[in-house]
Every structure is written in structure tokens, then in C-alpha cells.
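# Working through the structure, step by step
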Protein chains: 2
Amino acid sequence: MFQLYHHPLCPLSRFIRLSLGEYGVEAELIEERVHERRREFLMLDPAGQTPVLVTEDNHVIPGAGVIAEWLDEILGESLGIHRLLPVSPRERVETRRLMAWFNDKFFGEVSNWLVTEKVYKRFMATEIGSGAPDMDVVRAARANVRHHLRYISWLAQNRNWLGGDRMTYADLAAAAHLSSVDYLGDVPWDEEEPAKQWYQRVKSRPSFRPLLADRAPGVAVNPIYTEMDF
Amino acid sequence: MFQLYHHPLCPLSRFIRLSLGEYGVEAELIEERVHERRREFLMLDPAGQTPVLVTEDNHVIPGAGVIAEWLDEILGESLGIHRLLPVSPRERVETRRLMAWFNDKFFGEVSNWLVTEKVYKRFMATEIGSGAPDMDVVRAARANVRHHLRYISWLAQNRNWLGGDRMTYADLAAAAHLSSVDYLGDVPWDEEEPAKQWYQRVKSRPSFRPLLADRAPGVAVNPIYTEMDF
């Protein structure tokens, strides 16, 4: 069985967990607190970030983008027309553009800030920034999420799914990052009905269920986090 | 002919210029100052970052990673055994891991900081941070570059090229980011002889020549920037 080094609220890990679920692949989840910079973990991947996937024959595949490409190359064809990275060059560009949008831009402007301030800081060592959330950072992230939610609404109104006619990695990446932010109660769903309806569709997929069961010790979960009709 | 929206010292744009050179593809270079957030540029790519490639039939391919994957899918086979993204799954993982290392990690810890502080700030609007370089940021980037240079030395001592037996996107990405930093005189080459020798090999490639001819108005160029024996 694959092993996935992850953190329950790490949005990049959640993207890979959703993807593995869609491929029908099980993985043993190993929780990693990357801020501890554990030696054995850094030996696996010197970048020291989650997620890291390890195959049965100890092949180490580090990083959400690298794992997604590898999974498509190994398993993509098995999904037929539901391939998560579609085959035509134009669709591949659009899927990868949106994957990068959420895994890099949304991560850098919203989800990594909120998860770091509200979750990771609880178990960070004092000298690298443990403590109460910096509310300036939280407020900036909450302002940024509005712009992203509006963009998701625009995509969802102009297309069946975010990247085009079918569900792709673009939807899984977007939903993964939003799910971490939603756990913390920081998605203003009522402002963007099209984004909300699109998220309900992704949230109802079987691959999403394990994410809804996650709990981070000591971090209150948004009461509507698990509800399908929120 | 392709068009490439870039900035002469943007390391991500330089990675794509090197790649286009290796594929033997010419592109019309259009200088973009992303901090101006020009409306026409944001219409091409709402992420508003260089590089953005536009094909003859107006297909827009935004972002270094997306462009590199697209070029491999369209032109990769034409390079035969010199393919920049090798064909075996393990080599693809390693090439993509190192591409992400330099385009994300090195960019976020070194090259974007130095280019922003020393180059972009010269023509930024006052309200978004124009002015003299923040020397704390410059010092932090100069400390970080040492760690990366040591890692490059380690890779170069254990392999023929950074990713393995042949030159790949990994080498082009690493060299592109280092070249921007080297323009500014911030690479301590003498500390890491194996990294220096590897860089000399990439620097001597014909694809590298256009980068050595770049000049950013008002920014002094390191005197050894163009020398092969530095």
C-alpha cells in the first residue's frame, strides 16, 4: 500500500488525498508536522514539505504537483473520459493553470496563512513562531479569499466544472484548499452562490468523505463543515 | 512566431527562454512589468505573472511550469535522448522535483527577493513599495543562496547533471535562477567549486547566450556575469 506523509489540514495533502480517492487508490496516512523538521522526513524529501507519497517499492514522490503528474502518468488512462488531467493539449494547459492557481497562488494568499496561524502555530516551537494567531495575517487572508471565491463563481457560471466540461484536478485542488479554510470557518459562502453550488457537487463525492472526518486536536471545527446543505 | 511576455531579469522567464533555445524555437520577447498590473496583460493571464507564452494561433500558456510541460508534450520527442523531461517515470519525478525546487523554493527564498529588491523596486509605484532595496531582505537571500549552492554542489558531485545522466529541465531551471542572481553579483561561486563547474557547462550552451546579453537599465551588471572563466 502507498504511504502518504500529510497533515490533516494541509490543503496540498488534501488535494492528493482527493486525487487518490478518485483513482480508487488507498494509502496509509502518516501525520507529519513539517515544522519539526524531523530528520527521517528530510531524508525522504529535503524540501521538507507535505505531501510526500511513497510507493510499495520505496519510490519517493514529493510535492502535490509532482505527485499529481505521476499519478496521471501511471493511472490516468484507467479513468477513461473521466481522466483528471484531460488529454488534449489545451485542456491540459487549462487544468495545470488552475492547479497552479490553487496550489501556489491560493495557498500563498489564503490557505497556508490561515492553516499556519490557526493550526500549525499551536505545535510550533516557540523560537520559530508559536503562539496566538496573528490577526493581521488572518484578516488579510479573509480579504483574499473573497477575490478567489468570486473567480470560482465566474468559472462555475461559465463552465460545467472549473476547468471545462468534466471534473479535473482543477476542481480537486480548488476544493481541497477551500475545505481547509472551511474547516476554520473562513469561507463566506453566502456571498457567492455559484461557487457554493459547485463546492456542494465536489463535497458530495465519495473521495471527499475522509476529509470531512478529519479533526485537528484543539482546533474548533466550523459547525457546517460536514453538512452537505450548508 | 511565439510571443513570450517576460522580464529580462525574471528567473522564471529565463528558464523558459533557455528551454525554447534548447528546442530551437524562436520567440518574440515582450517586456512586461508585472507590478504595473496592465489590463491587457491581466486579460491574457489573470495570475498576472511572467512568463506567459502565446502561440501563433493565440493559445495562451501561462506560468513556467505549465509552459515547460506543454513544450515537452508538443516538442519533447523531437529532442530524442536529449529530451528535457526524460521519459521514465522515475526520471520524470526527479526532474519535476528539481524544477519545483528551483522555480518555487529557490525563487521564494532567493531569486525573487533579490530581483524584487534590486530591480523591480526601481520602477514600482511608490504606494506598492518603490524605493531603495531592503538590506535585511537582501542579506537573508544571500544567506539562503549558500544553502542552495551547497545542494547544487552535492548533486553535481553525485551525478553528471543535476537530475541524472543528461541535461534536463532541472539544470535549466537551476541555471536560470542562478543567472539572475549572478547578474546582481550575489552568487559566492568560490565557495562551491562543483556548483561553479556545473554552471560553467550550462553557461557555455548556445541557448544561454541571449541571457548574457540582457541588461536592465540602471542596474549595474556583475563584471564577471558574461565571462566563461569566472
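Keep in mind the model is a prediction, meaning the values are calculated, not measured. (Residues numbered from 1 in each chain as written. Chains lettered and ligands numbered in written order. Predicted model: local features only at pLDDT ≥ 70, side-chain atom pairs only at ≥ 80, totals over all residues. Heavy atoms only, no water.)

## What about helix α7 (residues 193-203) of chain B?
Residues and elements named next belong to chain B.
- Buried within α7 we find A195, K196, W198, Y199, V202 and K203. Seen from one end, α7 has its buried residues packed into an arc of 165°, which puts them on one side.
- Looking at the packing, one finds that the buried side of α7 touches α5 (135-158), α6 (169-183) and α8 (209-213). (Buried < 20%, exposed > 50% of the residue type's maximum accessible area, 1.4 Å probe, protein only. Helix = DSSP H or I, 4+ residues; strand = E, 2+ residues; numbered from the N terminus. Arc of directions from axis to C-beta. Contact = heavy atoms within 4.5 Å.)

## A look at the pattern of salt bridges
- A complete count under the given rule lists 46 salt bridges over all chains for this structure.
- Among the salt bridges present, the one from B:R150 reaches B:E192, with a minimum N-O distance of 3.8 Å. Here B:E192 lies in the loop between α6 and α7 and B:R150 lies in helix α5, a separation of 42 residues in the sequence.
- The network of salt bridges with common partners includes A:E69, A:D72, A:E73, A:R83, A:R92, A:R96, B:E69, B:D72, B:E73, B:R83, B:R92 and B:R96. (Salt bridge = Lys/Arg side-chain N within 4 Å of Asp/Glu carboxyl O.)

## Some words on the domain arrangement of chain A
Residues and elements named next belong to chain A.
- Taken domain by domain, chain A consists of domain 1 (2-82) and domain 2 (89-212).
- With 22 residues of domain 1 at the interface, the matching set in domain 2 holds 28 residues.
- It is L9, L18 and H35 that lose the most area in domain 1 upon contact with domain 2, and together they represent 28% of the buried surface on that side.
- Our count for the contact surface shared by domain 1 and domain 2 stands at three salt bridges.
- Here R205 makes a salt bridge to E22, at a shortest N to O gap of 2.7 Å.
- The interface formed by domain 1 and domain 2 contains nine residue pairs in polar contact (both at pLDDT 80 or more).
- If you list the elements that add at least two residues to the side of domain 1 that touches domain 2, you get α1 (11-23) and α3 (64-75).
- Classifying every residue of the side of domain 1 that touches domain 2 gives 11 nonpolar, five polar and six charged. (Domains from an automatic or database assignment. Buried area = accessible area lost by both parts, 1.4 Å probe. Polar contact = N/O pair within 3.5 Å; in protein donor to acceptor, adjacent residues only side chain to side chain. Nonpolar A, V, L, I, M, F, W, Y, C, P; charged D, E, K, R; others polar.)

## Structural notes on the nonpolar core
- In terms of nonpolar packing, the biggest core is built from 71 residues, with A:F15, A:F102, A:L162, A:Y169, A:L178 and A:W198 touching the most fellow members.
- Secondary structure elements with two or more residues in this core: β1 (2-6), α1, α3, α4 (89-118), α5 (135-158), α6 (169-183), α7 (193-203) and α8 (209-212) of chain A.
- Among the elements that line this core, the one with the most residues is α6(A), at 10 residues.
- Lining this core are residues from two domains, each supplying at least three of them: domain 1 (2-82) and domain 2 (89-212) of chain A.
- Of all hydrophobic cores here, the second largest spans 70 residues; its members include B:I67, B:L162, B:L172 and B:F230. (Core = buried A, V, L, I, M, F, W, Y, C linked by side-chain atoms within 4.5 Å.)

## Quick notes on the interface of chain A and chain B
- Tallying the contact residues gives 21 residues for chain A and 21 residues for chain B.
- Across the interface of chain A and chain B, roughly 1,900 Å² is buried in total on both sides, 64% from carbon and sulfur atoms.
- A per-residue breakdown of the area chain A buries against chain B is headed by A:R90, A:V93 and A:R96, which together make up 27% of the total.
- B:R96 serves as the salt-bridge partner of A:E73, at 3.0 Å between the closest nitrogen and oxygen.
- The interface formed by chain A and chain B contains four residue pairs in polar contact (both at pLDDT 80 or more).
- Elements with a contribution of two residues or more to the side of chain A that touches chain B: β4 (60-62), α3 and α4 of chain A.
- Tallying contributions element by element places α4(A) first for the side of chain A that touches chain B, with eight residues.

## Digging into the sheet that holds strand β3 (residues 52-54) of chain A
All names here are of chain A.
- With mixed pairing, the four strands of this open sheet are ordered in space as β2-β1-β3-β4. The strands lining the two open edges of the sheet, one partner per strand, are β2 (27-31) and β4. Averaged over neighbouring strand pairs, the angle between their axes works out to 20° when direction is ignored.
- Bridge count for β1 against β3 is three bridges, and the pairing is antiparallel. Considered in β3, the bridge of Y5 is made with V52. (Pairing = 2+ DSSP bridges. Axes fitted to C-alpha atoms, helices over the stretch in contact; angles between N-to-C directions.)

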